[in-house]
Amino acid sequence: MPVLEDVGNVAEVTRSIGTGRFGAYGGRYVPETLMAALLELEQSYAEAQADPAFREELDGLLKHYVGRPTPLYYAKRLSEGLGGASIWLKREDLLHTGAHKINNALGQALLARRMGKQRIIAETGAGQHGVATATVCALFGLECVIYMGEEDMRRQELNVYRMRLLGADVRGVHSGSATLKDAINEAMRDWVTNVRTTFYILGSALGSHPYPTMVRDFHRVISIEAKRQFAEQVGRNPDVVVACVGGGSNAIGAFYEFLPDENVRLIGVEAGGRGGALGEHAARFQKGSGGGLPGVLQGTYSYVLQNDAGQVAATHSVSAGLDYASVGPEHAMLHDNGRAEYTSASDDEALNATKVLARTEGILPALESAHAVAHAMKLAPTLGKEKNIMVNLSGRGDKDMGIISRELELGGAPAENRGTR
Amino acid sequence: MPINFSTKPGIVVYLTAGDPSLEATYDIALAAIDNGADVLELGVPFSDPLADGPVIQRASERAVGRGVRLSDVLELSRKIREARPGAGIVLFSYLNPVVRTGLKEFCKAAKEHGADGVLLTDMIVEEGAAYIQHMRENGLQPVFLAAPTSPDARLKVIAENSEGFIYAISRVGITGTQDSVESDAEQLVRRLRQFTQKPIAVGFGISNAQHVAAVGQFADAAIIGSAIVSLIEKSEPGMEAEAVGEFVRGLRPKQDSSGVREGSHEPHEANPHSSTGNLKGHGFSRAEKPSQTTGASAPEVA
Ligand SMILES: Cc1ncc(COP(=O)(O)O)c(C=O)c1O
């Protein structure tokens, strides 16, 4: 298949944070106007990383404000019900604001403050990254503009209110399919226009170098903790790590420290939506027709759902956070070199997993995270009882109650409920 | 070497290919050329035009909706080349449709279809070594963007690697019209001039004769995009070519003879303005010996 060939010959810019390449993938494919900002960001990030005071402040806030470390919890009733491997949940859903996204939003906000940028922009799909960004902007007194597809505003309405309450200016995007991809386009247009004053807090391990590396670094804490917790609570590494993959930030954070441990299987779960045809899902790594092909979208070279003319395809998922046509470039590399496996769970499987987890463990997962749970539920019975599966429970499901109550027919509430004041 | 701005300021006209239809773009292109455009930028419509403002976004969306693809734009280029051998043609695309075709295959096809140059919106010089190589092998001119935010070290590499002209972005931002040409533009052109004698064309927000005249004070050419795409959008169906022809004619002062090159809009007419002599020139002298520097020289860009 045609790819962006000869990338090996590409001249290396001075790249202080890795190379920006993950095998053939990654790189920097942006309008020239953004280059100065990307180079400045890369340099500032390198300096921040080398500065113990930066790490110390971040760690302090992660502990006292965000609520790290998150528990590693043995889901006993779920595991026993399935009758196979033990399922352990890495509880990112317990973090302040309700998802892993704040690990990264906080790190980037500290960096923005260090760089003297007063205006923050971000895109959001499920609204979790938007809420996390609005939260850290409130914490540091920064101006905050969030771009969100109008379709996502409808299905993640509660998060729109949360962002507004936190003081963010939420701007609806109606172009394209009015979902995450379109929100990123609009955020990039804002950034190109206001690049001299604005810091773009990108919400997943996507986009141009240095974002995929930087975002991954801020989420590494997930697998650093999990590895230690497995050693303490189980006495050895998990056999399998499962995480959902939208842009890929929670998954790369959950995988990263296990990458050198070849006997730990790493499984990324994409959105299978309602079928395998192009437009019906967001499974970039799906094999054969309807799956993704290498391409360039929004600054990086990775797998992209597209037609044979190179137009980016529409996507569908019940979960706004997985509903995206491309995927972080490091996952593209891990896919091609076989270190990680990628599979998908359908809308129905995710909804079913939501219900099962709620009723066996009293835990309500985000619909994104429910895709990972759904795959673990398929996998556990096929493995022996001595095996351990870690599921990265990336977020909690409160934001999805509208969709879940409709889809699972949970019944109506009194029609008029204005509350009291 | 049809990319040639022999009359200053040169005029570059951007069109989103396939809006409102491929046939209409052909007629519009000829009208633009016959009324004084030196170079046409044929925009390949893309689903995610993140460097573009609302006007070109809408045009792109309409053309993508009609199923217009890179191969159609190549075919359009071939037809325009046949009809107007002296005009400059630059294919203007986001990277993904080109990647889908294959860089090498695309460069070969672009040459075969009569293009002179290519501008890829989201291709920067550091990532462009293979692209530049394929372009050169096919005798095509890579045009790179230079931005007001680009530091001098980058401008140098951009100037070295661009052929035909350097596209100087007049202001920080996305495409779209504006009231005046910002002072960013003049400063950027001055900074570029430290490194190159190649033609410099200024684009983004150029929308009328005053802007063109202002740009003419300090640059070689003006690029008009959104203003024309918007005019096409507002025109009565079937009247687009006439409207664009008239608009382009009005962009240069009347006394400039090349500004009133009248020509037929009929697709099968022979090139009506080869007799002006302007387009037979060999262009700027530097283009004769392309810089040896390729993207591989980029490491000094920090
Ligand atoms: C709870 C949750 N999990 C997962 C994701 C998917 O993003 P990523 O793949 O970057 O982790 C999102 C995105 O909005 C989310 O909110």
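Since we're looking at a predicted model, the values are computed, not measured.

(A) How the structure looks around the overall build of chain B. Within chain B, the secondary structure is distributed over eleven helices and nine strands. Within chain B, the proportion of its 302 residues that are buried is 65%. Considering only intrachain contacts with a sequence separation of at least 6, the fraction spanning at least 24 residues in chain B is 73%. Total accessible area computed for chain B in this model is approximately 10,600 Å², and 50% of it derives from carbon and sulfur atoms.

(B) Expanded view of the interface of chain B and chain A. At the interface, 50 residues of chain B touch 47 residues of chain A. Taken together, the two surfaces of chain B and chain A that pack against each other cover about 4,000 Å², and 54% of this comes from carbon and sulfur. Among the residues of chain B in contact with chain A, Leu 50, Arg 100 and Glu 127 of chain B are the three that bury the most area, contributing 21% of the side total. Summed over the shared surface of chain B and chain A, the result is five salt bridges. Its salt-bridge partner being Arg 69 of chain B, residue Asp 308 of chain A comes within 3.2 Å of it at the nearest N-O pair. Taken together, the connections running from chain B to chain A amount to 21 residue pairs in polar contact (both at pLDDT 80 or more). Of all elements in the fold, only helix H2 (54-65), helix H4 (95-101), helix H5 (103-112), helix H6 (129-137), strand S6 (145-146) and helix H7 (152-161) of chain B reach the threshold of two or more residues within the side of chain B that touches chain A. Take the side of chain B that touches chain A: its biggest share by element is six residues, from H4 of chain B. Classifying every residue of the side of chain B that touches chain A gives 29 nonpolar, eleven polar and ten charged.

(C) Region of interest: the confidence of the model for chain B. All names here are of chain B. Confidence in the prediction for chain B averages 85 pLDDT; 82% of positions are at 70 or higher. Across residues 256-302 the pLDDT falls below 50, and counting only partners more than four positions away or on other chains, this stretch makes 101 contacts in the model. Across the assembled chains, the prediction reports ipTM 0.92 with pTM 0.91.

(D) Looking closely at unusual backbone geometry. With an omega of -10°, the peptide bond running from Lys 8 of chain B to Pro 9 of chain B counts as cis. Looking at where Pro 9 of chain B falls in the secondary structure, it is placed in the segment before strand S1 (10-16). Although it is not a glycine, Glu 409 of chain A adopts a positive phi angle of roughly 50°. If you trace the backbone, Glu 409 of chain A turns up in the segment after helix H15 (401-407). The class of Glu 409 of chain A is exposed, set by a relative accessible area of 69%.

(E) Broad picture of the side chain of Asp 323 of chain A. All names here are of chain A. Residue position: Asp 323 is located in the loop between strand S12 (300-304) and helix H12 (329-336). A polar contact of 3.4 Å, which involves the side chain of Asp 323, links it to the backbone nitrogen of His 316. Excluding residues that lie within four positions of it along the chain, Asp 323 makes contacts with Arg 155, Thr 179, Leu 180, Ala 282, Thr 315, His 316 and Ser 317.

(F) Region of the structure containing the environment of Gly 279 of chain A. All names here are of chain A. With respect to the helices and strands, Gly 279 occurs in the loop between strand S10 (265-273) and strand S11 (293-297). Measuring from C-alpha to C-alpha, the distance between Gly 279 and Gln 306 comes to 9.2 Å, with 27 residues separating the pair along the chain. In this structure, Gly 279 is in contact with Ala 314, Thr 315 and His 316, ignoring residues within four places of it in sequence.

The rules behind the values
- Residues numbered from 1 in each chain as written.
- Chains lettered and ligands numbered in written order.
- Predicted model: local features only at pLDDT ≥ 70, side-chain atom pairs only at ≥ 80, totals over all residues.
- Heavy atoms only, no water.
- Helix = DSSP H or I, 4+ residues; strand = E, 2+ residues; numbered from the N terminus.
- Buried < 20%, exposed > 50% of the residue type's maximum accessible area, 1.4 Å probe, protein only.
- Contact = heavy atoms within 4.5 Å.
- Areas by Shrake-Rupley, 256 points an atom, 1.4 Å probe, with all protein chains shown as cover.
- Buried area = accessible area lost by both parts, 1.4 Å probe.
- Salt bridge = Lys/Arg side-chain N within 4 Å of Asp/Glu carboxyl O.
- Polar contact = N/O pair within 3.5 Å; in protein donor to acceptor, adjacent residues only side chain to side chain.
- Nonpolar A, V, L, I, M, F, W, Y, C, P; charged D, E, K, R; others polar.
- pLDDT = per-residue confidence, 0-100.

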